[in-house]
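Spelled out from the first residue to the last, the chains are:
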Amino acid sequence: MAEAIAFYFISACILGFAVLVISTRDTVHSVLFLVLDFLFVAALYVLLGAQFLAAIQILVYAGGIVVLYLFVVMLVNLKRPPEAHSDPHRKTNWGFALSIAVLVELAAVAAYSYARPAPALAAAAQAPVPLSGNTEQVGWLLYTSYLIPFEIASMLLLVAMIGAIVLAKREL
Amino acid sequence: MLLSAALFIIGVIGVMVRRNIIIIFMSIELILNAVNINLIAFSYQLQNAIGQVFAIFVIAVAAAEAAVGLGIILAFYRNKETINIDEMNLMRW
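Residues numbered from 1 in each chain as written. Chains lettered and ligands numbered in written order. Predicted model: local features only at pLDDT ≥ 70, side-chain atom pairs only at ≥ 80, totals over all residues. Heavy atoms only, no water.

### Considering the overall build of chain A
Looking only at helices and strands, chain A features seven helices and zero strands. Taken from N to C terminus, the helices and strands of chain A fall in the order α-α-α-α-α-α-α. For chain A, long-range pairs separated by at least 24 residues make up 55% of all intrachain contacts whose partners lie at least 6 apart in sequence. Accessible area for chain A stands at about 11100 Å²; split by element, carbon and sulfur atoms hold 74% of it. (Helix = DSSP H or I, 4+ residues; strand = E, 2+ residues; numbered from the N terminus. Contact = heavy atoms within 4.5 Å. Areas by Shrake-Rupley, 256 points an atom, 1.4 Å probe, with all protein chains shown as cover.)

### What about the layout of surface pockets?
Considering only enclosed or pocket space, the second largest pocket measures out at about 250 Å³ in volume. If you go around the second largest pocket, you meet 15 residues; those closest to its centre are A:L68, A:M161, A:A164, B:A67 and B:G71. Those elements giving two or more residues to the lining of the second largest pocket turn out to be α3 (51–75) and α7 (147–167) of chain A together with α3 (50–80) of chain B. Here the lining of the second largest pocket is composed, by residue class, of 14 nonpolar, one polar and no charged. Two domains each put at least three residues into the lining of the second largest pocket: domain 1 (1–78) and domain 2 (132–172) of chain A. (1 Å grid on protein atoms, 1.4 Å probe; cavity = no way out; pocket = protein on both sides within 12 Å on 5 of 7 lines; lining within 4 Å. Points joined across faces, edges and corners; volume = space filled by probe spheres on them. Nonpolar A, V, L, I, M, F, W, Y, C, P; charged D, E, K, R; others polar. Domains from an automatic or database assignment.)

### Some words on helix α2 (residues 21–46) of chain B
When the terminal C-alpha atoms of α2(B) are compared, their 38 Å separation across 26 residues agrees well with the 38 Å that a helix rising 1.5 Å per residue should span. With its phi angle positive at about 55°, B:Q47 sits one or two positions after the end of α2(B). (Expected span 1.5 Å × (residues − 1).)

### Observations concerning the packing of aromatic side chains
Considering all chains together, one arrives at eight aromatic pairs over all chains under this definition. With centroids separated by 5.5 Å and ring planes inclined at 70°, the aromatic side chains of A:F7 and A:Y8 adopt a geometry described as edge-to-face. Ring plane angle 75° and centroid distance 5.5 Å describe the contact between A:Y146 and B:F54, whose orientation is recorded as edge-to-face. Of this pair, A:Y146 sits in the loop between α6 (134–143) and α7 while B:F54 sits in helix α3, each in a different chain. On the basis of relative accessible area, A:Y146 is assigned to the buried category, the value being 17%. With a relative accessible area of 38%, B:F54 lands in the partly exposed category. (Phe/Tyr/Trp six-rings, centres within 6.5 Å; stacked < 30°, edge-to-face > 60°. Buried < 20%, exposed > 50% of the residue type's maximum accessible area, 1.4 Å probe, protein only.)

### Here's the deal with the domain arrangement of chain A
On domain assignment, one finds that chain A holds domain 1 (1–78) and domain 2 (132–172). A straight line from the C-alpha centre of domain 1 of chain A to that of domain 2 of chain A covers 22 Å.

### Some thoughts on the packing of helix α1 (residues 2–23) of chain A against helix α2 (residues 27–47) of chain A
Residue and element names in this part refer to chain A. Following both chains from N to C, one finds α1 and α2 inclined at 160°, their axes separated by 9 Å at the closest point. If you check the angle between α1 and α2, you find them roughly antiparallel. As for how α1 packs across α2, the hand of that crossing is left-handed. Packed against α1, whose contacting residues are E3, A6, F7, F9, I10, C13, I14, F17, A18, L20 and V21, the element α2 presents S30, F33, L34, L36, D37, F40, V41, A43, L44 and L47 at the interface. Considering only residue class, the contact of α1 with α2 consists of 18 nonpolar, one polar and two charged. (Axes fitted to C-alpha atoms, helices over the stretch in contact; angles between N-to-C directions. Parallel < 35°, antiparallel > 145°, perpendicular 65-115°, else oblique. Left-handed = near helix turned anticlockwise from the far one by under 90°.)

### As for the environment of A:V109
Take A:V109: it is sitting in helix α4 (residues 92–115). Among the residues examined, A:V109 registers a relative accessible area of 54% and is labelled exposed.

### Quick word on α3(A)
Residues and elements named next belong to chain A. Compared with the 36 Å implied by 1.5 Å per residue over 25 residues, the 35 Å span of α3 between its first and last C-alpha is a close match. In the structure, α3 departs most strongly from a straight axis at V66, where the bend amounts to approximately 25°. Along α3, the residues that are buried comprise L53, A54, Q57, Y61, A62, I65, V66, Y69, V72 and V73. (Bend = angle between axes of the 7 residues up to and from the residue.)

### Brief notes about the environment of A:L48
Here A:L48 shows up in the loop between α2 and α3. Along the backbone, A:L48 and A:V109 are 61 residues apart, and their C-alpha atoms lie at a distance of 23 Å. Every residue in contact with A:L48, bar those within four places of it in the chain, is listed here: B:I40, B:A41 and B:Y44.

### Focus on the nonpolar core
Within the largest apolar cluster, 52 residues are counted, with the highest numbers of intra-cluster contacts made by A:Y45, A:L53, A:Y69, B:I22 and B:M26. Among the secondary structure elements, those contributing two or more residues to this core are α1, α2, α3 and α6 of chain A together with α2 and α3 of chain B. Among the elements that take part in this core, α3(B) stands out by supplying twelve residues, more than any other. Two domains each provide a minimum of three residues to this core, namely domain 1 (1–78) and domain 2 (132–172) of chain A. With residues near it in sequence (within four places) discarded, B:M26 still touches A:V21, A:T27, A:S30, A:V31, A:L34 and A:Y69. (Core = buried A, V, L, I, M, F, W, Y, C linked by side-chain atoms within 4.5 Å.)

Structure (structure tokens):
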């Protein structure tokens, strides 16, 4: 019962802060709402039994990525806000219409999967294996079955780091 | 699941509607977070840690994307003094 209440509270906070992120005028406020949103997502991870992921979420997102965003927001010191200049060719209503189309697609997928639950899902729901030693288990999987994707991800991070440094240099 | 879908939709609306490219990048982060929530929820439901491994990969890719994207924004801002996507027509033919 307490778990359900916590889940709904955290969900409401996540959705509310997400709406604030995309609707605030001031970009700095938007970034700060993004931090709160990421923190609540980390709380949700703890609730769902993924403590290691919650720690990663706080370290990487709330600590790293958001600081990067704040730096860029302060570096690009806007003299005129982007929203002030309006393009007559821009069709905002189309954006909402396309988003609603994506929503309808997702609802269709959800309805379809409720009507015909996948056999693997039903089998797993009947015989749940206890998930213990979260960090240990994730680390074990990461370094045995998923070693090659792990190495590729690290290569991707290295390439992105070099690319970002080259892009942000004063003169190329 | 429903929470993840709703967060995804908010991100999509952000991408479609806003003109500030930094906000669009933040919306992309929201979308990736929605995907992560979905992965973790299934990992919890199926009691299987593979979903968490994939969520780690998603976080790594999101970090790389944020670094490169913000680098591009900085380079663009230095050239054109704007972050409005309607004025980003450098590659228009």
